[in-house]
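Residue strings, one per chain:
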Amino acid sequence: NSEGKIIKKLTSDGYGNTVGPCFNQNTYSIKHDLITEKKDNKYGIIKISKDEVVIEHEFDDIRLYNDKYFKAKIDDKWYLYSIDNKEKVIEEGYKELFIVNDEIVVTQIDNYLYIKDYKGKNIVEDKIEVLIEYNEGACCGASGGIAVEEENGIINIFIDEKTTDGIGYQEIKYEYNIKDKKLTKVK
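Presented here is a report on the structure given in the accompanying data block. (Residues numbered from 1 in each chain as written. Predicted model: local features only at pLDDT ≥ 70, side-chain atom pairs only at ≥ 80, totals over all residues. Heavy atoms only, no water.)

**A word on the packing of aromatic side chains**
Evaluated as defined, the whole model comprises four aromatic pairs. Centroid distance phenylalanine 59 to phenylalanine 70: 5.9 Å. Interplanar angle 70°. Geometry classified as edge-to-face. Separated by 11 residues along the polypeptide, phenylalanine 59 in strand β7 (residues 53–59) and phenylalanine 70 in strand β9 (residues 69–74) bring together distant segments of the chain. Look at phenylalanine 59 and you get buried, because its relative accessible area is 2%. With relative accessibility at 1%, the residue phenylalanine 70 sits in the buried group. For the ring pair tyrosine 69 and tyrosine 118, a centre distance of 5.0 Å and an interplane angle of 90° mean the geometry is edge-to-face. In this pair, tyrosine 69 sits in strand β9 while tyrosine 118 sits in the loop between β13 (112–117) and β14 (128–129), placing the two residues 49 residues apart along the sequence. You can call tyrosine 69 buried: its relative accessible area is 17%. (Phe/Tyr/Trp six-rings, centres within 6.5 Å; stacked < 30°, edge-to-face > 60°. Helix = DSSP H or I, 4+ residues; strand = E, 2+ residues; numbered from the N terminus. Buried < 20%, exposed > 50% of the residue type's maximum accessible area, 1.4 Å probe, protein only.)

Quick look at the structure:
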């Protein structure tokens, strides 16, 4: 801490997951006192403030959503888990999994995105073709491939594709209105 007192000994193989020189924001939460930790090449979740294991070190990778849910990777598939009971919320694993809120996820199966509930059922049957693979570590003008965010009852889904000249990227945007249950291609 600022007084030079040791509040946590760094004894693991690593904490969080970095993107460049910074921690990935989905690998720790000061608010919820959680951070992902790597031990013996497997990830778990521990408390930041004390030596307490919250989720055992048994996953290939982990991303936090809040103090209720996290996604974990096993054998190249992402699964949604509950922090409270430490069990899968959705049994099926996905190539990519974007947690939107406490009821909705966007999943990637093969080259398509689907909007699903926490039971793994499609909320709408429409699917979105993925044109460039998701790149969590994209920076400095590189394509992230896929971005998902929710704001005011609208889920915005951004998909990148190469421009016709093959040099740059252009963004395609979809909006899913949660109340109306309607998916629209915006641009």
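On we go.
**Quick notes on the environment of leucine 80**
Counting through the fold element by element, leucine 80 comes out in strand β10 (residues 77–82). Separated by 38 residues in sequence, leucine 80 and tyrosine 118 have C-alpha atoms that sit 8.5 Å apart. Here leucine 80 is in contact with Tyr69, Phe70, Glu87, Lys88, Val89, Ile90, Leu97, Ile99, Val105 and Tyr118, once residues within four sequence places are set aside. (Contact = heavy atoms within 4.5 Å.)

**With respect to the side chain of glutamate 37**
Structurally, glutamate 37 is set in strand β5 (residues 34–39). Among buried Asp, Glu, Lys and Arg side chains, glutamate 37 stands out as unpaired, with lysine 39 the closest opposite charge at 4.4 Å. A distance of 2.6 Å separates polar atoms of two side chains, one belonging to glutamate 37 and the other to histidine 57. (Lys, Arg positive; Asp, Glu negative; His and termini not counted. Salt bridge = Lys/Arg side-chain N within 4 Å of Asp/Glu carboxyl O. Polar contact = N/O pair within 3.5 Å; in protein donor to acceptor, adjacent residues only side chain to side chain.)

**Some details on the environment of phenylalanine 158**
Of note, phenylalanine 158 is situated in strand β16 (residues 154–162). In this structure, phenylalanine 158 is in contact with Gly145, Ile146, Ala147, Glu149, Glu171, Ile172 and Lys173, ignoring residues within four places of it in sequence.

**Concerning unusual backbone geometry**
Even without being glycine, aspartate 110 reaches a positive phi, approximately 55°. Relative to the elements of secondary structure, aspartate 110 occurs in the loop between β12 (104–109) and β13.

**Focus on the pairing of β16**
The side chains of a regular strand alternate between both faces of the sheet. Bridge analysis of strand β15 (residues 146–151) against β16 gives six bridges, and the strand direction is antiparallel. Following the sheet pairing, glutamate 149 is matched in β16 by asparagine 156. Remark: two residues form the turn of the hairpin made by β15 and β16, two consecutive strands paired antiparallel; asparagine 152 in that turn has positive phi of roughly 50°. Of the pairings in the sheet, the one linking β16 to strand β17 (residues 169–177) comprises nine bridges and is antiparallel in character. When the sheet's bridge partners are listed, lysine 162 is paired in β17 with tyrosine 169. (Pairing = 2+ DSSP bridges.)

**Description of the sheet that holds β15**
If you trace the four strands from one edge of the open sheet to the other, you get β15-β16-β17-β18, paired in antiparallel fashion. Across the chains shown, the open sheet's two edge strands, defined by having one partner strand only, are β15 and β18 (182–185). Across the sheet, the axes of successive neighbouring strands diverge by a mean angle of 20°, strand direction being ignored. (Axes fitted to C-alpha atoms, helices over the stretch in contact; angles between N-to-C directions.)

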